[in-house]
Amino acid sequence: MALNNEIMEAFKMISGLNEQTYKTIAENKEKLITWKQDLLDAFINEVAKNSGDMDSDDKKEAKNLETTLVDWYEDIISGDTGEDFWDRQWKVGLKYLADDVDLNLLIAMMSFLQKKFAEKAFQEYPQEQALEIFLAFKTITDAILATIVDGHLNLYINAIEQMSGIKRPVIERMASLECKKILEQGG
């Protein structure tokens, strides 16, 4: 099983992810790299602020996210646009799945980091340039999130298929029928 290139191509077509997106980040990486500790600290503080509402599994998941956050951020701003970059992003998602990090927490973390990145961009750059840099970061990180979510879904479907012997098209049809049933019931 590997990165689903069809997902990336569809994402690029709809989101406008292109070489200019990567170039915008790469041209600013000297400044962006200086933000990594601030972003990590903001995430750690947010987790600490909400730790009273978190169970022990959530705290463990947050710690797993924290330990890879700096390397992941450095990879994003590296300017690398090749297949290896996307393969690494897909594998980050696999690592989180293997570590039992809930997909909802991962999506929430991504949203939080995008917001903090935007705040830093608008503090340190003129408005027009800040918007351009933020949108490039957001587009890349949204693509990463799409890759991770697709990887999670495919792993679940493959696990069901392998464990149960039910073929993928049947599983997908069952899911479609269940969705229609829920919608018809007003769910």
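Residues numbered from 1 in each chain as written. Predicted model: local features only at pLDDT ≥ 70, side-chain atom pairs only at ≥ 80, totals over all residues. Heavy atoms only, no water.

A.B. asks: Describe helix α2 (residues 19-27), naming the residues involved and giving the relevant values.
C.D. replies: Inspection of α2 places Thr21, Tyr22, Thr24 and Ile25 among the buried residues, and these make up the whole buried set. Angularly, the buried residues of α2 cover 155 degrees about the axis, an arc narrow enough to put them on a single face. With respect to the buried face of α2, the exposed residues turned more than 90 degrees away are Glu19 and Glu27. Two to three positions downstream of the cap, the backbone nitrogen of Gln20 sits 2.9 Å from a side-chain oxygen, assigning the N-cap of α2 to Asn18. (Buried < 20%, exposed > 50% of the residue type's maximum accessible area, 1.4 Å probe, protein only. Helix = DSSP H or I, 4+ residues; strand = E, 2+ residues; numbered from the N terminus. Arc of directions from axis to C-beta. Polar contact = N/O pair within 3.5 Å; in protein donor to acceptor, adjacent residues only side chain to side chain.)

A.B. asks: I'd love a proper account of the pattern of salt bridges, names of residues and values included.
C.D. replies: Applying the stated rule across the entire model yields ten salt bridges. Note that Asp87 is salt-bridged to Lys91, the shortest N-O span being 3.0 Å. Taken together, the residues span about one helical turn, with Asp87 and Lys91 both in helix α6 (residues 83-98) at a distance of four residues. Of the residues examined, Asp87 reaches a relative accessible area of 25% and is grouped as partly exposed. (Salt bridge = Lys/Arg side-chain N within 4 Å of Asp/Glu carboxyl O.)

A.B. asks: Go over the side chain of Thr24, please, and point to the residues and values.
C.D. replies: Mapping Thr24 onto the fold places it in helix α2. Not counting the four nearest positions on each side in its chain, Thr24 is found in contact with Glu132, Ile133 and Ala136. (Contact = heavy atoms within 4.5 Å.)

A.B. asks: Outline the side chain of Thr141, supporting the account with residue identities and numerical values.
C.D. replies: Within the secondary structure, Thr141 is located in helix α8 (residues 127-164). Taking relative accessible area as the criterion, Thr141 reaches 0% and is therefore assigned buried. A polar contact is formed between the side chain of Thr141 and the backbone oxygen of Phe137, at a distance of 2.8 Å. For Thr141, the contacting residues outside a window of four places in its chain are Trp72, Ile76, Met110 and Gln114.

A.B. asks: Which residues make up the environment of Leu32, and what are the values?
C.D. replies: Looking at the element boundaries, Leu32 is found in helix α3 (residues 29-32). Beyond its immediate chain neighbours, meaning those up to four positions away, Leu32 contacts Ile25, Tyr73, Ile77, Phe117, Tyr125 and Ile133.

A.B. asks: Tell me about the environment of Glu74, and please be specific about residues and values.
C.D. replies: Assignment of secondary structure puts Glu74 in helix α5 (residues 56-76). Ignoring any residue separated from it by four or fewer positions in sequence, one finds Glu74 in contact with Ile33 and Lys36. Separated by 2.3 Å, the side chains of Glu74 and Lys36 make a polar contact.

A.B. asks: Describe the packing of aromatic side chains, and please don't skip the residues or the numbers.
C.D. replies: Under the criterion given, the structure shown has six aromatic pairs. Seen from their ring centres, Phe85 and Trp86 are 4.9 Å apart, and the 85 degrees between their planes marks the pair as edge-to-face. We note that Phe85, like Trp86, is buried. Three or more aromatic residues joined by ring pairs make a cluster, and in this case those are Trp35, Tyr73, Phe117, Tyr125 and Phe137. (Phe/Tyr/Trp six-rings, centres within 6.5 Å; stacked < 30°, edge-to-face > 60°.)

A.B. asks: Give a detailed account of the nonpolar core, specifying residues and quantitative values.
C.D. replies: Core analysis: the biggest nonpolar cluster contains 41 residues, and Leu32, Tyr73, Phe117 and Ile144 have the highest contact counts within it. Counting only elements with at least two residues in this core, the list comes to α1 (5-15), α2, α4 (36-50), α5, α6, α7 (103-124) and α8. Examining the composition of this core, we find that ten residues originate from one element, α8, more than from any other. (Core = buried A, V, L, I, M, F, W, Y, C linked by side-chain atoms within 4.5 Å.)

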